[in-house]
Structure formats: structure tokens, C-alpha cells
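# Coordinate analysis (summary)
Now for the letters of each chain:
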Amino acid sequence: MKRILFIILLSLSIIILSAEDVFAARGGGGSGGHSITAGLTTVSADQKDLNSIIDSVNSTQGGVSTKSLNSAYDFFIQYQYRFSGSIFALVFRPSYFTESGKGSGNTVGDYNHSLSGFTFFPLLRLYPLENSFIRFFMQAGVGFGYLKGEVKQGDASLSYSGSNFGAQAGLGAEFCFTENHCMTLEGNVRYLPIERNVADSVSGTLTGFTQAQNGREVEYDQNDMATTMSGIQGVLGYTYNF
């Protein structure tokens, strides 16, 4: 994942640096307007505390082989307003986050971990270099994320949730095949840790947790169990300008 994003960012940087004589920065900027984008994001969200719990269960419960949680997906839709006569645009991007690791034991049933939630990020976007076909941009902003987790260990189960504010920044390009229809590629870094999760419901006896009680913080190794929506993002989207 990190290698793919590095290749995307390196390719975009090379194109920008080698195309300065070909692409004209618009000086006064574009004519302004609106756009809607829908797309898919891969996120290198490594759930360290959950992975430690998964490793503990896999090693102590015979035949259990739950997969670690190392990457996630964001499905998003965004609205953008480009200010007329400038290189600036405002972007509003809500997204749906999902990540899971599934496994099973020989006789004890399923051992699954799943995470789902949403983010909302307003972003300031700049178009420093563009022509009628390619529009390079940089963007940054702060936002909010909410994450809900589900754990199933045989007959035992746990539901928990947490939220936090974070930030993200990156760069990308729009490849416009017509005036209205474009393909968008992005590389971003998002910082959105969730350091405190509260149990919403608990059933049965869970392995690997040092505290899992309704209405209280979920703990691992005597500390608050953390989750995250942070990570390096690779984005592919379709943009419609109007």
C-alpha cells in the first residue's frame, strides 16, 4: 500500500516538474463552478491494539486464525466549490470507513473483528498548475471521525465505539476527458487516532481484554484500547463538473 502511494506521489511530482513549460498556471485562476466526486480510498490503518488481542487469541485458543487488521477502505462522496478567478476551492468530503478481520476455530465458532464508521473533512484545495486536460492540486483540512467496533469470540461478543478530531493533507490530479467528466487520483496522509473506546454492549467472557464492561472504557493490557482511522491514503474517484 505504501509502495503504491509512493509511486503515485512520485509520478505526480515528476509530471508537475517536467511539465512547467507545457501547463499554464491560470494566474487569475479558473472560471469557478461546482463538482461532485465519488470514489474509493484505501487506507493503511494498522490497528495495533486489536492486532495484539488477535495474536493473543490465535496463540491461546486452539485452531483460531483470525486475520490482522492492517488496511481499510473508505467510500466517499464529495462536493467542491471552485472560486471564480482564483486557484482556490472548498471541498466537503464525508466518507464511510470499513475494516475487518475474520477467522474461525475448529470447535469454538467464529472469531471476528470488524470496524465501521464515518469521517467528515472540509478541505482547502489549491490548483497551482492546470490546463484543459490535467489539473494538479494540493489540499489540507481538519475533520471528525466516528468508529464503531464489533468483536465476536465464539459465543462472546463486544460492541464499542469512539470518536475524535483529526487532520489530513495531500496532493493529486484530475484528468478531464471532457469539460464535465474527470478521473481523480490522490495521495493523502490522514491523522485520526481514537485513543478511547467505550463498550456499548458486552456478552459472555472475552479473551485478550483486561476490561470490557457496558458503559466503561475498553482496555487492553491495563490501558485504554486504541483504534485508528489514520493512515496513508490512495484515492481513485470520478468527478462530474457542473
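Description of the structure in this document. Just so you know, the residues in each chain are numbered from 1, in the order the chain's sequence is written. The predicted nature of this model means local features are confined to residues of pLDDT at least 70 and side-chain atom pairs, given and counted, to a pLDDT of 80 or more, with totals for whole chains, interfaces and linings taken over all residues. To get the side-chain values, all heavy atoms of the structure are used, and hydrogens and water are removed first.

## A look at empty space enclosed by the protein
- In this analysis a 1.4 Å probe is tested at points of a 1 Å grid over the protein atoms alone, and where it fits but cannot get out there is a cavity; an open set with protein on both sides within 12 Å along at least five of seven lines is a pocket; lining residues have an atom within 4 Å of a point. Grid points are joined across faces, edges and corners, and a volume is the space filled by probe spheres set on the points. This model, assessed by the stated rule, comprises 2 cavities of 30 Å³ or more.
- Taken as a whole, the largest cavity spans an internal volume of roughly 60 Å³.
- Contributing to the lining of the largest cavity are Thr41, Asp74, Phe76, Arg93, Ser95, Thr119, Phe121, Gln168, Arg190, Gln233 and Val235.
- Of the residues in the lining of the largest cavity, the class split is 3 nonpolar, 5 polar and 3 charged.
- Of the voids in this model, the second largest cavity is the one considered here, and its volume is about 30 Å³.
- If you go around the second largest cavity, the residues you meet are Ile54, Val57, Thr66, Tyr111, Asn112, His113, Lys152 and Gln153.
- Among the elements that make up the lining of the second largest cavity, the one with the highest residue count is strand S4 (residues 111–130) (3 residues). Classification convention: Asp, Glu, Lys, Arg as charged; Ala, Val, Leu, Ile, Met, Phe, Trp, Tyr, Cys, Pro as nonpolar; all other residues, Gly among them, as polar. Secondary structure is summarised from DSSP: a helix means a run of H or I of at least four residues, a strand means a run of E of at least two, and numbering begins at the N terminus for each.

## A look at the pattern of salt bridges
- We define a salt bridge as a contact between a side-chain nitrogen of Lys or Arg and a carboxyl oxygen of Asp or Glu at a distance within 4 Å. According to the stated counting rule, one finds 8 salt bridges in the structure shown.
- Close ionic contact of Glu174 with Arg125 constitutes a salt bridge, the shortest N to O distance being 3.4 Å. Of this pair, Glu174 sits in strand S6 (residues 156–176) while Arg125 sits in strand S4, and the two are 49 residues apart along the sequence.
- For Glu174, a relative accessible area of 2% puts it in the buried group.
- Across the pair Arg135 and Glu174 runs a salt bridge, and its minimum N-O distance is 3.7 Å. Of this pair, Arg135 sits in strand S5 (residues 134–153) while Glu174 sits in strand S6, and the two are 39 residues apart along the sequence. Considered together, Arg135 and Glu174 belong to a single accessibility category, that of buried residues. In this scheme, a residue with accessible area under 20% of its type's maximum is buried, one over 50% is exposed, and one in between is partly exposed, where area comes from a 1.4 Å probe on protein chains only.

## Re the pairing of strand S7 (residues 181–191)
- As paired elements, S6 and S7 share 10 bridges and run antiparallel to each other. Within S7, the position partnered with Ala167 by the bridge is Tyr191.
- Should DSSP find at least two bridges between two strands, the strands are taken to pair. Adjacent in sequence and paired antiparallel, S6 and S7 are bridged by 4 residues.
- As defined by bridge partners, S7 adjoins strand S13 (residues 231–241) across 10 bridges and the pair is classed as antiparallel. In the sheet register, Glu186 faces S13, and the bridge partner there is Val235.

## So, the packing of aromatic side chains
- When the centres of two rings from Phe, Tyr and Trp lie within 6.5 Å, Trp using its six-membered ring, the rings pair. Their planes under 30 degrees apart give stacked, over 60 give edge-to-face, and anything left gives tilted. In the structure shown here, the tally under the stated rule is 8 aromatic pairs.
- Between Phe118 and Phe144 the ring centres are 6.2 Å apart and the planes differ by 50°, which places this aromatic pair in the tilted class. You can see Phe118 sitting in strand S4 and its partner Phe144 sitting in strand S5, a full 26 residues away along the chain.
- Relative to Phe175, the ring of Phe133 lies with its centre 6.1 Å away and its plane at 65°, an arrangement referred to as edge-to-face.

## Things to note about the nonpolar core
- Grouped together as the largest cluster of nonpolar side chains are 29 residues, with contacts concentrated most on Leu158, Tyr160, Leu206, Phe209, Val218 and Met225.
- Here a residue-residue contact requires only that any non-hydrogen atoms of the pair lie within 4.5 Å. Excluding residues within four positions of it along the chain, Leu158 makes contact with Gly149, Glu150, Val151, Ala199, Ser201, Val202, Leu206, Phe209, Ala212 and Val218.
- Residues belong to one nonpolar core when they are buried, are Ala, Val, Leu, Ile, Met, Phe, Trp, Tyr or Cys, and are joined through side-chain atoms within 4.5 Å. Core analysis: the next-biggest nonpolar cluster, separate from the first, contains 5 residues, Leu129, Phe136, Ala173 and Phe175 among them.

## Some thoughts on the side chain of Ser230
- Relative to the helices and strands, Ser230 resides in the loop between strand S12 (227–228) and S13.
- Looking at Ser230, the relative accessible area reads 13%, which means it is buried.
- One polar contact links the side chain of Ser230 to the main-chain amide nitrogen of Leu192, over a distance of 2.6 Å.
- Apart from residues lying up to four places away in sequence, Ser230 is in contact with Val43, Ser44, Ala45, Arg190, Tyr191, Leu192 and Pro193. Whenever two N or O atoms come within 3.5 Å, that pair is a polar contact, provided that in protein one can donate a hydrogen and the other can accept it, and provided that, for residues adjacent in sequence, both atoms are side-chain atoms.

## Quick notes on the state of the cysteines
- Criterion for a disulfide: a pair of cysteine sulfur atoms at a distance within 2.5 Å. Tallied over the entire structure, the rule returns 1 disulfide.
- One disulfide bridge connects Cys176 with Cys182, the sulfur atoms lying 2.1 Å from each other. Note on the Cys176 and Cys182 pair: the S-S dihedral is about 95°, so by sign convention the disulfide is right-handed. Considered together, Cys176 and Cys182 belong to a single accessibility category, that of buried residues.

Honestly, it's all geometry; don't read function into it.
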